Amino acid sequence: MNIHGTHTRTVWLEGHHVCMIDQPLLPHQVETHRCLAWEQTADAIRDMRIRGAGAIGATAGYGMAQAALMARDAYFRGDLQLAADGLRHTRPTAQNLFWAIDQVLSAALGAATPSEGRLAAVAAAEAIADGDARACRLIGQHGAHLIADGTRVATHCNAGWLAFVDWGSALSPIYTAHRAGRKVHVWVDETRPRRQGARLTAFELGQEGVPHQVIPDVALGHLMANGQVDLVIVGADRIAANGDVANKIGTYMVALAAQAHGVPMYVAAPTTTIDPDCPDGSHIPIEHRSPDEVHLVDGWSIDHQSPCTVRTTPQGSPALNPAFDVTPAHLLAGIITEHGIVQATASALAALPRPTA
Ligand code: MRU
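Being a predicted model, the structure only gives us computed values, none of them experimental. (Residues numbered from 1 in each chain as written. Predicted model: local features only at pLDDT ≥ 70, side-chain atom pairs only at ≥ 80, totals over all residues. Heavy atoms only, no water.)

Draft legend 1. Looking closely at the overall build of the protein chain. Looking only at helices and strands, the protein chain has 11 helices and 18 strands in total. Computed over C-alpha atoms, the radius of gyration of the protein chain comes to 20 Å, within 12% of the 21 Å expected from 2.2 N^0.38 for 357 residues, which places it in the range of a compact globule. Judged by the C-alpha coordinates and their principal axes, the protein chain covers about 65 × 55 × 40 Å. Evaluated residue by residue, the protein chain yields a buried proportion of 54% over its 357 residues. Once local pairs closer than 6 in sequence are excluded, the contacts in the protein chain between residues at least 24 apart make up 75%. (Helix = DSSP H or I, 4+ residues; strand = E, 2+ residues; numbered from the N terminus. Rg over C-alpha atoms; globule rule 2.2 N^0.38 Å. Buried < 20%, exposed > 50% of the residue type's maximum accessible area, 1.4 Å probe, protein only. Contact = heavy atoms within 4.5 Å.)

This is how it looks when you write it as structure tokens:
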């Protein structure tokens, strides 16, 4: 996808450096963050310089490749296991992270020598990134069939190309329909507390020239009640085997409103987000992040033309910050995957091909 008209990926490998678009600076500044060793790549995932299920999966894959490139011959296996453990403990919810680490680890350890292991790790990591971009492109083609001329689509959080390597999941059908010349209007909810909708989804849609409006999170029910939303498409961080979906906190409330108003709600996700070993949503680990994300808001000072942080809560008021919630499968009209649109049921998900790197 494009930044200022130039095609850009969200994350890439340069030699043994992992490079990524520095997301906390968006939309006000576009800069590259460079990680010189896997530990820095792990920090970047933990600190959400890169975020979104597909993007952190690809980044973790590159972090493993980076670890293989820098591992000592005599300790190749141990160095890789250490990196895998470190990267696994960065964030708990997105399935793509764990899938990608396992893929690169087994490619590297399956090689006969450390030199071959390094080549295998880089090839596996590049295949994960390319596969993520390809799957998201296909999600766009399948999902675009849901978007007729004039459709008003609501989305939550950022499941665009910044949350993947390219194209995105929830936004890919929108980009595909828009590029095909169909009129589409996107309701972008802010997505408190980190405002991925306001900062990232709005930025992406603007770069692609897609008509959109940013709305407060609390406005969607009102818009649905007034017949101003035709369709909801959101992303997913993990999909359980029964079709329950963990996604950014607030998704569940959007789903309840959509059901109440008869608005179809789809989840868009590559099959790398499906966790076949997780029976239902109650088993998905939900990340709790720092209360400071609730207390503080980052932004751009219009007085000083520089980044700034302000506190919005009284000193002494505690805050709670669950980062994800679970939407039960029965609230979903379907799941848009790279293999087509399927029902959010155990049998439909089990019938999908398993992803490979
Ligand atoms: O905490 P984040 O920003 O990494 O959250 C993940 C997300 O971007 C959303 O939950 C998104 O809707 C699904 S991930 C493609």
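Draft legend 2. Structural view of the pattern of salt bridges. Using the criterion set out here, one finds 15 salt bridges in the structure. Between Arg49 and Asp22 there is a salt bridge, and its shortest N-O distance comes to 2.7 Å. Of this pair, Arg49 sits in the loop between helix H1 (38-46) and helix H2 (53-70) while Asp22 is found in the loop between strand S4 (17-21) and strand S5 (32-35), placing the two residues 27 residues apart along the sequence. Looking at Asp22, the relative accessible area reads 7%, which means it is buried. Taken together, the shared-partner salt bridges in this structure form one network comprising Arg91, Arg194, Glu287, Arg289 and Glu293. (Salt bridge = Lys/Arg side-chain N within 4 Å of Asp/Glu carboxyl O.)

Draft legend 3. Inspection of the packing of aromatic side chains at higher detail. In total, this model carries zero aromatic pairs according to the counting rule given. In this structure, Lys248 packs its charged tip against the face of Phe324, placed 4.2 Å from the ring centre. (Phe/Tyr/Trp six-rings, centres within 6.5 Å; stacked < 30°, edge-to-face > 60°. Lys NZ or Arg CZ within 6 Å of the ring centre and 35° of its normal.)

Draft legend 4. Fine view of the pairing of strand S8 (residues 212-215). Bridge count for strand S7 (residues 184-189) against S8 is four bridges, and the pairing is parallel. Across the sheet, Asp189 pairs through a bridge with Ile215, a residue of S8. (Pairing = 2+ DSSP bridges.)

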